[in-house]
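Notes for the structure review
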Amino acid sequence: MRLVLSLGGSVFEGDAQRIRSFAEVLDQISENNELFIVVGGGKLAREIIKKARELGANETMCDYLGIAVTRINAMLLAYAMKNSAKKIPENFIEAFELSKKYKAVVMGGTFPGHTTDATSLLLAEFVNADLFLNATSVDGIYSEDPKKNPNAKKFNKITPTELVKLVASSSMEAGANVVIDLLSAKLIERSKIKTIVFKGEPENILKVLRGEKIGTVVEP
Ligand code: UTP
C-alpha cells in the first residue's frame, strides 16, 4: 500500500526517545508499504515565526521560516530512521523520485501560504496514495472544539463533503480551532483519498493500519 502520513510538529517537542519510538514504528511500516511522511513545525516554528513578526517580517517571510523548521524536523526523523532517504525533498516530484530508491521518504513544507496538512494532501494526491493518515494532537474530528465544549460529538466516520461544511462553518467563528483546515478538507474532497485522523502516538499508527477503529475515517 502507498501511504502518506502527516505527523504534527508536536512529536518533535518531546525528548529523543519519543522521536525514536516513531522512527522505529515507521521503519517497521515501511518494510511492507511505500511510505511518505510529512512533518510539521510545532512549537519551535511558532516561536520563530512570532519573533520574525516582531522584527517586521511579512507573512510570506514567516511561512518560509516555518518551512525551514519543518525541514529541520524532517531531517531529525529521517536521520533516526533506518529505511528513510537522508535527503529531504523540497517538492513532490523530488519526493516521488526518492521513493523509487528508498522504502520511506520524509519531507517538511513546500511553499508559503498553507500548513503541512495541505502539503501532505497534495503529496498524497500527486503520488496516488491509497491512504492518507493524519496523526495529530486530538483523537479525531469533533462537531466542535472538544477543549471548549465537553459535549462536542466525535465522528467515527464523516464524508469529505460533510467535513468541508463542518470546517467552513466553524472557521467563521473567531479563534475556532478545527483539527483540519479548510484547504486540507477541500483537498480530501477533491482527491477522494481515504483519510484517517487520529491521535499521533506510535502505537496508534500500527492500530490504524491493522484496521482497528480509532480516530475518524473520512470517506465518501
Ligand atoms: P505546520 O504545518 O507545523 O503549521 O507548519 P501549524 O498549523 O503550526 O501546525 P500544527 O498543525 O498546529 O502542528 C508551520 C508553518 O510553516 C509554514 C506555515 O507558516 C506554517 O504555519 N508552512 C508550512 C508553509 O508556509 N508551507 C508549507 O508547505 C508548510
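Thresholds, definitions, all that
- Residues numbered from 1 in each chain as written.
- Predicted model: local features only at pLDDT ≥ 70, side-chain atom pairs only at ≥ 80, totals over all residues.
- Heavy atoms only, no water.
- Helix = DSSP H or I, 4+ residues; strand = E, 2+ residues; numbered from the N terminus.
- Contact = heavy atoms within 4.5 Å.
- Core = buried A, V, L, I, M, F, W, Y, C linked by side-chain atoms within 4.5 Å.
- Buried < 20%, exposed > 50% of the residue type's maximum accessible area, 1.4 Å probe, protein only.
- Near = heavy atom within 4 Å.
- Polar contact = N/O pair within 3.5 Å; in protein donor to acceptor, adjacent residues only side chain to side chain.
- Areas by Shrake-Rupley, 256 points an atom, 1.4 Å probe, with all protein chains shown as cover.
- Nonpolar A, V, L, I, M, F, W, Y, C, P; charged D, E, K, R; others polar.
- Patch = residues over 30% accessible without salt bridge, like charges linked within 9 Å, V, L, I, M, F, W, Y side chains within 5 Å.
- Salt bridge = Lys/Arg side-chain N within 4 Å of Asp/Glu carboxyl O.
- Expected span 1.5 Å × (residues − 1).
- Pairing = 2+ DSSP bridges.

1. A few points about the side chain of S84
- In this structure, S84 sits in the loop between α3 (59-80) and α4 (92-99).
- Beyond its immediate stretch of four places on either side in the chain, S84 contacts D27, A78, Y102, A104, V105 and V106.

2. Topic: the nonpolar core
- Ranked by internal contacts, the top residues of the largest apolar core, which has 62 residues, are L7, L26, I37, L77 and I141.
- Per element, the largest residue contribution to this core is 6 residues, and it comes from helix α1 (residues 16-30).

3. What about the environment of C62?
- Position of C62 relative to the elements: it lies in helix α3.
- Separated by 150 residues in sequence, C62 and E212 place their C-alpha atoms 39 Å apart.
- For C62, the residues in contact, after removing those within four places along its chain, are I49, A52, R53 and A57.

4. Looking at the site of the ligand
- Taken together, the neighbourhood of the ligand is formed by 19 residues, with G41, D63, F111, T116 and T119 sitting nearest.
- The backbone of T110 places a nitrogen or oxygen atom 2.9 Å from an oxygen atom of the ligand.
- When the ligand sits alone it has 580 Å² of accessible area, and the protein chains cover 77% of it.
- Listing elements by their share of the shell around the ligand, those giving two or more residues are α2 (42-54), α3 and α5 (116-126).
- With 4 residues, the top contributor of residues to the shell around the ligand is α3.
- Its residues assigned to classes, the shell around the ligand comprises 4 nonpolar, 13 polar and 2 charged.

5. As for a nonpolar patch on the surface
- Taken together, the side chains of L44, I48 and L65 make up a nonpolar region of the molecular surface, amounting to roughly 220 Å² of accessible area.
- Among the secondary structure elements, L65 is positioned in helix α3.

6. Here's the deal with α3
- Taking 1.5 Å of rise per residue, the 22 residues of α3 would be expected to cover 32 Å, and the 32 Å separating its terminal C-alpha atoms lies within 8% of that figure.
- Those residues of α3 that fall on the buried side of the exposure criterion are C62, G66, I67, V69, T70, R71, N73, A74, L77 and A78.
- The secondary structure elements touched by the buried residues of α3 are β1 (2-7), α1, β2 (34-39), α2, β3 (104-107) and α5.
- The residue sitting at the N-terminus of α3 and contributing the capping side-chain oxygen is N58; that oxygen lies 3.1 Å from the backbone nitrogen of T60.

7. Structural notes on the environment of P202
- Locating P202 in the fold gives a position in helix α8 (residues 202-209).
- With 172 residues separating them in the primary sequence, P202 and S30 have C-alpha atoms 14 Å apart.
- Filtering out sequence-adjacent residues up to four positions away, P202 remains in contact with R18, S21, F22 and V25.

8. With respect to the pattern of salt bridges
- Overall, the coordinates contain 13 salt bridges when judged by the stated rule.
- The partner of E201 in a salt bridge is R18, with the nearest N and O atoms 3.0 Å apart. Of the two residues, E201 sits in the loop between β6 (195-199) and α8 while R18 sits in helix α1, which places them 183 residues apart along the sequence.
- Here E54 ties to K50 by a salt bridge, and the two come within 3.3 Å at their closest N and O atoms. With E54 and K50 both in helix α2, this residue pair falls 4 residues apart, about one helical turn.
- A relative accessible area of 59% means that E54 is categorised as exposed.
- Here the residues in one salt-bridge network are E31, K82 and K103, joined through shared partners.

9. Concerning the pairing of β3
- Side chains A104 and V106 of β3 all project onto a buried face; the interleaved residues V105 and M107 project onto the opposite face, where all are buried too.
- Sheet topology places β2 next to β3; 4 bridges connect them, and they run parallel. Looking at β3, one finds that F36 is bridged to V105.

10. Observations concerning unusual backbone geometry
- Despite not being glycine, N128 shows a phi value in the positive range, around 55°.
- Along the polypeptide, N128 turns up in the loop between α5 and β4 (131-136).
- On the basis of relative accessible area, N128 is assigned to the exposed category, the value being 59%.

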